[in-house]
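# Coordinate inspection notes
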Amino acid sequence: MDIFAQQLINGLVLGSVYALVALGYTLVYGILELINFAHGETTMMGSMIALAVIGALFGVAPDLPGIVIVLTGLLVAIPACMLLGYSIERVAYRPLRHAPRLAPLITAIGISIVLQNVAMLIWGKQYIAFPTTLLPQGRHEILGASITDVQIAILVLTVAIMAGLVILVNRTRLGRAMRATAQAPAVAQLMGVNVNAVISATFIIGSALAAIAGVMVSANYGQAHYYMGFLLGLKAFSAAVLGGIGNLAGAMLGGLLLGVIEALGAGYIGDLTGGFLGSHYQDIFAFMVLILVLTLKPSGLLGSKSVERA
Amino acid sequence: MNVLDTLTGKAKSRVWLTAALLLLGLVLLPFLVEASLGKSWVRIIDLALLYIMLALGLNIVVGYAGLLDLGYVAFYAVGAYCWALLASPQFGLNLPFWIILPAGAAIAALFGVLLGTPTLRLRGDYLAIVTLGFGEIIRIFINNLNAPINITNGPQGITLIEPMSIFGFSLGKTQDVLGLTLSSPHLYYYLFLLCVALVVFVCVRLENSRIGRAWVAIREDEMAAAAAGINTRNIKLLAFAMGATFGGLSGGLFASFQGFVSPESFNLMESIMILSMIVLGGMGNIPGVILGAILVTVIPEALRYTGDLQRVLFGQVYIDPADLRMLLFGIALVMMMLFRPAGLLPSKQRKREFAEDAA
Amino acid sequence: MKSSLLALSIALAVGLTVSACGDKKEGAAAGGNGPVKIGQSSPLTGPQAHIGKDNDNGARLAIDEINASKPVIGGKPVTFEVMSEDDQADPKTATIVAQRMVDAGIVGVIGHLNSGATIPAAKIYSDNNIPQISPSATAIKYTAQGFKTAYRVMTNDEQQGKVLGAYAAKLGKKVAIIDDQTAYGQGLAAEVEKAAKAAGAEVVAVEHTNDKASDFSAILTSIKGKAPDVIFFGGMDPQAAPINKQMRQLGMTAQLLGGDGMQTPKFIELAGADAEGAIASIPGLPLDKMPKGTDFKQKFEAKYGQIQLYAPYAYDAAYVMVDAMKRADSTDPAKYLPELAKTSYEGVTGKISFDAKGDLTSGPITLYKVQGGKWETLETVQP
């Protein structure tokens, strides 16, 4: 029982990160029907920038409380990623908004490669350590399973951000403009909505979430690397599709679910198949889920209204 | 032939002359290259020929039928492993090439249909992601199928693969032909050249056939194509299968040429590289795709020299040539889409479309 | 028509002359009296560039020293030159650079670094009869291909795996094994599993991950349920460190054991305080135990900075190669290759001699433990 509880916690922590990144995909897709392939790289940049700031600050003022140093890193990474997300949209997607479908997808792959390589040139090819001593190191036992302070913070923060986002989309002027643009950009424009500004805002919000997710990942695993965004992005996208792309609650649910599926899958697949399949198949769960959902129920678990393209 | 008929006698002989010179140039190319740049460049040209085949195969799926496939390398892997398993000590088999190559191509085609069937309803970016996932799944399976039953030898790869041997004439060692001493890379060059010619021939014929037009119709408007009586399901599956066939064929040739295959040769980056060949060269246009394949294979090798150049200019290497290569590809992909979306040598039709879209 | 025939014959004539020149050039390179070229190939770009450069530096240091000693071979003074090529740790690129070095007239190769690159390149060296000594390839298959030219100064997976497996069994009765499904990690882990079982330990779990992963909580939780005393990880430091960290997060107290891929300063940096107590092995003797070891370390660090991983092996490989040339009194590969097989050389990593396959005979293996944030020598195991 304690093993099951532990796997559940493992899955929820992993899934929270997927969920935050998935929100970025879903926001953009809901409005532009575009897969922002470079979103995973935005997450990576967030993590790297935060680590650079944390490292520098720790070097200059090691006496500051650890949490302040980490928060400063986060507070620098968020606007930096917002700027990055805004620029990506302006440079790579906006000029191609009316081009054939393949075009923005290929620029997205291009941007993704460029960001990886730029990060590699700036921060090198080696893994970078996160000074984990800066954060509380407590460990707690719940139902025979253990969870760390950092992991609790990740879970709480994810839920809080999610709630904030739902309020933003459903209760504010910007949210209303976003929903209008998602439904019919041309009509929204006629009603006085500045569609370009709304799209920029969407990218900016998504990138901010990516930055937070990036810092969470490196704080939890203690390291960051220029390649870390790619697979994370793919899995988060799968999560968004699983929940129903374009749907905020769906992204959250899909992320948590995918995390749990991976944890339980990797944990039990060996025993269930009598050793025929092992934990080395962990990474294919996301892809399997993706293929199954898209072929069986393309609108996802909490299907949104407009998924005619799938 | 009708093009030739309309030409005057003199112009006709000029066409033939050009063709003859081109052929002669291609036949002599490995000797010229070896003499000027060294034998390693013959090897690079061999690889470029392999990539031309791969790019032409992917071009059928992406360029003609407009289905963005990011997992194309899976078929290459299937073909390569098919050869590796049937002609190596792994299972103690050494079947002749005329069994393995068709078998590899056929199995790859089967995988193409396997991938195509569930994804028929998907379009655009969804398809891209699913094919990407499919490519990764194949690679992960190849990497892991060493236990509990050892099939692929897992991450260790398969060594001592038999080279291509055409009725006792092995391409794997130096041979004397008509008084000329030809080493293995030279022999493979002529084989690959022949295969490329075959693939180009098939592609040209497909392009101008009912099937080719049906692909274009689906690419342009699937609904309209279906309304016009095209069986979109079968035609799309055919595109996947044809593309996969060429992938499988190149994979088999790669395994025989290299003598060693391991899963790391078939990662996602490889798929993206093949895609960028098509995008840079000109989607849907055979000469464009060939140009793209040559550029993408040769440029990284040429970039090696920038390391020396940097050392001469600045006294040290600031940017590793290999890093520069990826960075340049990324930038090139973005720039091409923004400023020359139809590629370096665009097909006439594509050029027109992009011009319309821009208007 | 006349002109086309003319053009054709001119082109043919040019082609044949040029190719004839090419043949001549190759002939000249082999018997020339310029510096004798020794090839070195490793990934000089990409994620393993720092380890690849380390090999290069090791080989260069040896060749510089040899040149400074003004060697005379075959009655003539000889200078050696290192020709370094980047194989990007990629099998395909490895064959291209192998061909390039052979074209350039090298008489021997120190390389490559990775097994995946070494194995396909070995075929090209063998076809051209160029002796090859890899300083770091550990895959059993490298020397099992039946090539006369393939040697290594590093223990193979089987040799290291045997020692590690037996050591794991000594640390505890229940052993769990994780590998990263790369050629190196899986090869080593498979041998450790065999050896641990042979030594009487119970292998309670075999789990796998990949070389890009950072989340291991699921497999560690599953392993935790089987309560092992020792966890062996076959893989590199970027995965070993988070595995170590997540073991502590999950409240696991098992001993972490690893191979040479984990025995790096980076592992301690990434794992932080959690690294304390981790054990990893590296083939050969600790440098400070070797007569020439401390000397080598000083010279290397003065010139290139900290030793990353395999530089001492590349250094030994270069010396072993030149040693064989001296005994054969020739730099001709065909002449010194038989002498290479008879090598008996006291290197900085230990005593070097080869078995019939080209593997190192009876290499010692040293275990290290993280103590006070540093790798400290634990013990040396003679197989």
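Residues numbered from 1 in each chain as written. Chains lettered and ligands numbered in written order. Predicted model: local features only at pLDDT ≥ 70, side-chain atom pairs only at ≥ 80, totals over all residues. Heavy atoms only, no water.

### Concerning empty space enclosed by the protein
Using the criterion set out here, one finds eight cavities of 30 Å³ or more in the structure. The volume enclosed by the largest cavity comes to roughly 100 Å³. Forming the walls of the largest cavity are Phe37(A), Ile109(A), Ser112(A), Ile113(A), Gln116(A), Tyr227(A), Phe230(A), Leu70(B), Leu132(B), Leu268(B), Met269(B) and Ile272(B). For the lining of the largest cavity, the secondary-structure elements that each account for two or more residues are helix H4 (102-123) of chain A together with helix H11 (268-281) of chain B. Ranked by residue count, the leading element in the lining of the largest cavity is H4(A), at four residues. Split into classes, the residues belonging to the lining of the largest cavity amount to 10 nonpolar, two polar and no charged. (1 Å grid on protein atoms, 1.4 Å probe; cavity = no way out; pocket = protein on both sides within 12 Å on 5 of 7 lines; lining within 4 Å. Points joined across faces, edges and corners; volume = space filled by probe spheres on them. Helix = DSSP H or I, 4+ residues; strand = E, 2+ residues; numbered from the N terminus. Nonpolar A, V, L, I, M, F, W, Y, C, P; charged D, E, K, R; others polar.)

### Re the interface of chain A and chain B
On the chain B side, the residues contacting the 49 residues of chain A number 42 residues. On inspection of chain A and its partner chain B, the count reaches zero salt bridges. Counting the contacts that link chain A with chain B gives zero residue pairs in polar contact (both at pLDDT 80 or more). Contributions of two or more residues to the side of chain A that touches chain B are made by helix H3 (66-93), H4, helix H9 (228-243) and helix H11 (282-296) of chain A. Element by element, the count of residues in the side of chain A that touches chain B is highest for H4(A), at 14 residues. Its residues placed into classes, the side of chain A that touches chain B shows 37 nonpolar, seven polar and five charged. (Contact = heavy atoms within 4.5 Å. Salt bridge = Lys/Arg side-chain N within 4 Å of Asp/Glu carboxyl O. Polar contact = N/O pair within 3.5 Å; in protein donor to acceptor, adjacent residues only side chain to side chain.)

### Looking at a nonpolar patch on the surface
There is a patch of nonpolar side chains on the surface, built from Phe276(A), Phe91(B), Leu93(B), Ile149(B) and Ile151(B) and spanning about 440 Å² of accessible area. Structurally, Phe91(B) is set in the loop between strand E1 (87-88) and strand E2 (93-94). (Patch = residues over 30% accessible without salt bridge, like charges linked within 9 Å, V, L, I, M, F, W, Y side chains within 5 Å. Areas by Shrake-Rupley, 256 points an atom, 1.4 Å probe, with all protein chains shown as cover.)

### Focus: the sheet that holds strand E12 (residues 279-283) of chain C
All names here are of chain C. Reading across from one edge, E9-E8-E10-E11-E12-E15-E16 is the order of the seven strands in this open sheet, with mixed pairing throughout. The outermost strands of the open sheet, each flanked by one partner alone, are strand E9 (202-208) and strand E16 (374-381). Taken over all neighbouring pairs, the strand axes of this sheet differ in orientation by 25° on average, direction set aside. Across two bridges, the pairing between strand E11 (residues 255-258) and E12 is parallel. Bridge pairing in E12 places Gly258 opposite Ala280. (Pairing = 2+ DSSP bridges. Axes fitted to C-alpha atoms, helices over the stretch in contact; angles between N-to-C directions.)

### A closer look at the environment of Ile122(A)
Residues and elements named next belong to chain A. Positionally, Ile122 belongs in helix H4. On the basis of relative accessibility, which here comes to 54%, the residue Ile122 falls in the exposed class. With 74 residues separating them in the primary sequence, Ile122 and Met48 have C-alpha atoms 9.7 Å apart. (Buried < 20%, exposed > 50% of the residue type's maximum accessible area, 1.4 Å probe, protein only.)

### Overview of the sheet that holds strand E1 (residues 36-42) of chain C
All names here are of chain C. Reading across the sheet, the five strands line up as E4-E1-E5-E6-E7 and stay open at both edges, with parallel pairing between neighbours. Two strands close off the open sheet at either side, each with one partner strand: strand E4 (80-86) and strand E7 (150-152). Each adjacent strand pair in this sheet contributes to an overall mean axis angle of 25°, direction not counted. Note: strand E5 (residues 108-111) against strand E6 (residues 132-134), two bridges, orientation parallel.

### So, the pairing of E5(C)
Sheet analysis places E1(C) next to E5(C), joined by four bridges and oriented parallel. Counterpart to Ile38(C) in the pairing with E5(C) is Gly108(C).

### Thoughts on the interface of chain C and chain B
Across the boundary between the two partners, chain C contributes 42 residues, which contact 43 residues of chain B. Together, the buried faces of chain C and chain B total about 3500 Å²; carbon and sulfur atoms form 56% of this surface. If you sort the residues of chain C by the area they bury against chain B, Lys92(C), Lys141(C) and Gln181(C) come out on top, with a joint share of 18%. For Lys92(C), the salt bridge is made with Glu270(B), and the minimal N-O distance between the two is 3.1 Å. (Buried area = accessible area lost by both parts, 1.4 Å probe.)

### A word on the domain arrangement of chain C
When the parts of a complex come together, some accessible area is lost, and that lost area is often used as the size of the interface. Residues and elements named next belong to chain C. On domain assignment, one finds that chain C holds domain 1 (31-155 + 288-349) and domain 2 (158-283 + 366-381). Opposite the nine residues of domain 1 that make contact, domain 2 presents 12 residues. Across the domain 1 to domain 2 interface the summed buried area is about 990 Å²; carbon plus sulfur atoms make up 58%. Among the residues of domain 1 in contact with domain 2, Ile140, Thr155 and Leu309 are the three that bury the most area, contributing 42% of the side total. Taken together, the connections running from domain 1 to domain 2 amount to two residue pairs in polar contact (both at pLDDT 80 or more). (Domains from an automatic or database assignment.)

### Comments concerning the packing of helix H10 (residues 248-272) of chain A against H11(A)
Residue and element names in this part refer to chain A. Taken N-terminus to C-terminus, the directions of H10 and H11 make an angle of 135°; their axes are 9 Å apart at the nearest point. As far as their axial angle goes, H11 and H10 are oblique. Where H10 crosses over H11, the two elements pack in a sense that is right-handed. Between H10 and H11, the residues in contact are Leu258, Ile261, Glu262, Gly265, Ala266 and Ile269 and Gln282, Phe285, Ala286 and Val289, respectively. Split by residue class, the contact of H10 with H11 holds seven nonpolar, two polar and one charged. (Parallel < 35°, antiparallel > 145°, perpendicular 65-115°, else oblique. Left-handed = near helix turned anticlockwise from the far one by under 90°.)

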